[in-house]
Amino acid sequence: MAHRIVIVEDDLDITRLLTLELEEAGHEVHAFDGGMRGLAGIRELKPDLIVLDLGLPDVSGAEIARRVRRTDATPILILTAADDVATKVEMLNAGADDYLAKPFHVEELVARVGVQLRKHHGGAPTTVGDLTLDAMRKQVWWAGTEVKLSPRELDLLAFLAGQPGRVYSRVEIERNVWGEDLPPTSNVVDVHVANIRSKLRDAGGFGVIRTVRGVGYAIKG
Ligand code: CA
């Protein structure tokens, strides 16, 4: 399974080696040699995983991790020259999923990338009651009947299904599904929820998404 990976690292020898090995492992790799360029690349490319150098010339890796975490859950693996407890704590607080201290073996990095990708983008479909959602194959079923959703509808349903029963506000849904805050007057979330409900109803699924008045939406846990 090919995934899109963004590397943000100013040491070009490391970048070259990582790109080679990750492409060899079948991934699509995009590399950036500065923090600001890296952030812009992450926003544009929406990668499945980010490899981030902690010591960058402009914006620190920890700051990039914090900014990415404000809007999404993309797994982040940090490369660091410092292997002390304070640095580790800072990285984990910033939202890193894993880290490797330099110098590292590239085989270990590729293996850890694989672990994070399986954890975050694993092949097993999600099941909530009669709802089955396969995010990787972009397919949804209700009690065995396939429900044809648009990519955005599927993202929204997958987001709610990530934690059944939990109520998500419209802003949380916007940030995670659209990647940004939509104008306050926008009713795009409600429109998408209405479309998903209508398509689920056609397949026999009633009351799958709950409206919590004044708060947001939840999938029935
Ligand atoms: Ca560096």
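Residues numbered from 1 in each chain as written. Predicted model: local features only at pLDDT ≥ 70, side-chain atom pairs only at ≥ 80, totals over all residues. Heavy atoms only, no water.

A.B. asks: Give a description of the coordination of the calcium ion that names residues and reports values.
C.D. replies: Bound to the calcium ion on the protein side are D10 (OD), D53 (OD) and G55 (O), at distances that span 2.2 to 2.3 Å. Each donor residue of the calcium ion lies on one chain, and together they are spaced D-x42-D-x1-G. Placement of the pair is D10 in the loop between β1 (4-8) and α1 (12-24) and D53 in strand β3 (residues 49-53), with a sequence separation of 43 residues. Taking the relative accessible area as the measure of exposure, D10 reaches 34% and is therefore partly exposed. Its relative accessible area of 3% is what places D53 among the buried residues. (Donors = N, O, S within 2.8 Å, 3.2 Å for Na, K, Ca; no water. Helix = DSSP H or I, 4+ residues; strand = E, 2+ residues; numbered from the N terminus. Buried < 20%, exposed > 50% of the residue type's maximum accessible area, 1.4 Å probe, protein only.)

A.B. asks: Can you break down the domain arrangement of the protein residue by residue, with the values?
C.D. replies: Entries for the protein in the domain assignment read domain 1 (4-119) and domain 2 (125-219). Once you take the C-alpha centre of each, domain 1 and domain 2 turn out to be 30 Å apart. (Domains from an automatic or database assignment.)

A.B. asks: Now, about the sheet that holds β3: what can you tell me, with residues and values included?
C.D. replies: In spatial order, the strands read β2-β1-β3-β4-β5; together these five strands make up an open sheet with parallel pairing. Pairing within the sheet leaves two strands with one partner each, and these edge strands are β2 (28-32) and β5 (98-101). Across this sheet, the average inter-strand angle for adjacent strands is 15°, counted without regard to direction. Of the strand pairs in this sheet, β1 and β2 are connected by five bridges, and their pairing is parallel. (Pairing = 2+ DSSP bridges. Axes fitted to C-alpha atoms, helices over the stretch in contact; angles between N-to-C directions.)

A.B. asks: How would you explain the sheet that holds strand β7 (residues 131-134) if you had to name every residue and give the values?
C.D. replies: In space, the four strands of this open sheet follow the order β6-β7-β8-β9, with antiparallel pairing throughout. With one partner strand each, in any of the chains shown, β6 (126-128) and β9 (145-147) form the two edges of the open sheet. With direction set aside, neighbouring strand axes in the sheet form an average angle of 25°. Pairing of strand β8 (residues 139-142) with β9, which is carried by three bridges, proceeds in the antiparallel orientation. Paired with W141 across the two strands is E146, which belongs to β9.

A.B. asks: How would you explain the nonpolar core if you had to name every residue and give the values?
C.D. replies: Formed by 27 residues in total, the largest nonpolar core has its most connected members in L131, V140, L156, L157, L160 and I173. It is helix α6 (residues 151-161) that provides the largest number of residues to this core, a total of six residues. Counting residues in each nonpolar core, the second largest holds 19 residues, with I42, L56, A62 and M91 among its members. (Core = buried A, V, L, I, M, F, W, Y, C linked by side-chain atoms within 4.5 Å.)

A.B. asks: Go over unusual backbone geometry with me, naming the residues and quoting the values.
C.D. replies: In this structure, P103 follows K102 across a cis peptide bond, with omega equal to -5°. Mapped onto the fold, P103 is located in the loop between β5 and α5 (106-121). The backbone of A143 sits at a positive phi, close to 45°, despite the residue not being glycine. Judged by its relative accessible area of 52%, A143 is exposed.

A.B. asks: So, the packing of α1 against α5: which residues are in play, and what are the values?
C.D. replies: Between α1 and α5, whose axes approach to 10 Å, the crossing angle comes to 55°. Relative to α5, α1 is oriented oblique. The element α1 and its partner α5 pack so that their crossing is right-handed. Counting all contacts with α1, which are made through L17, L18, E21 and L22, the residues of α5 involved are V106, L109, V110 and V113. (Parallel < 35°, antiparallel > 145°, perpendicular 65-115°, else oblique. Left-handed = near helix turned anticlockwise from the far one by under 90°. Contact = heavy atoms within 4.5 Å.)

A.B. asks: Tell me what's going on with the packing of aromatic side chains, and back it up with residues and numbers.
C.D. replies: Within the structure shown, the criterion is met by one aromatic pair. Between F159 and Y168, the aromatic rings sit 4.4 Å apart at their centres with planes inclined by 45°, giving tilted as the arrangement. (Phe/Tyr/Trp six-rings, centres within 6.5 Å; stacked < 30°, edge-to-face > 60°.)

A.B. asks: Before we move on, could you go through helix α8 (residues 188-202) and cite the residues and values that matter?
C.D. replies: Side chains three or four residues apart in an α-helix point the same way, a direct result of the helix having 3.6 residues per turn. Taking 1.5 Å of rise per residue, the 15 residues of α8 would be expected to cover 21 Å, and the 21 Å separating its terminal C-alpha atoms lies within 8% of that figure. Buried within α8 are the following residues: V189, H192, V193, I196 and L200. All buried residues of α8 fall inside an arc of 100° around its axis, so they share one side. Looking one or two residues beyond α8, the residue adopting positive phi is G204, at roughly 95°. (Expected span 1.5 Å × (residues − 1). Arc of directions from axis to C-beta.)

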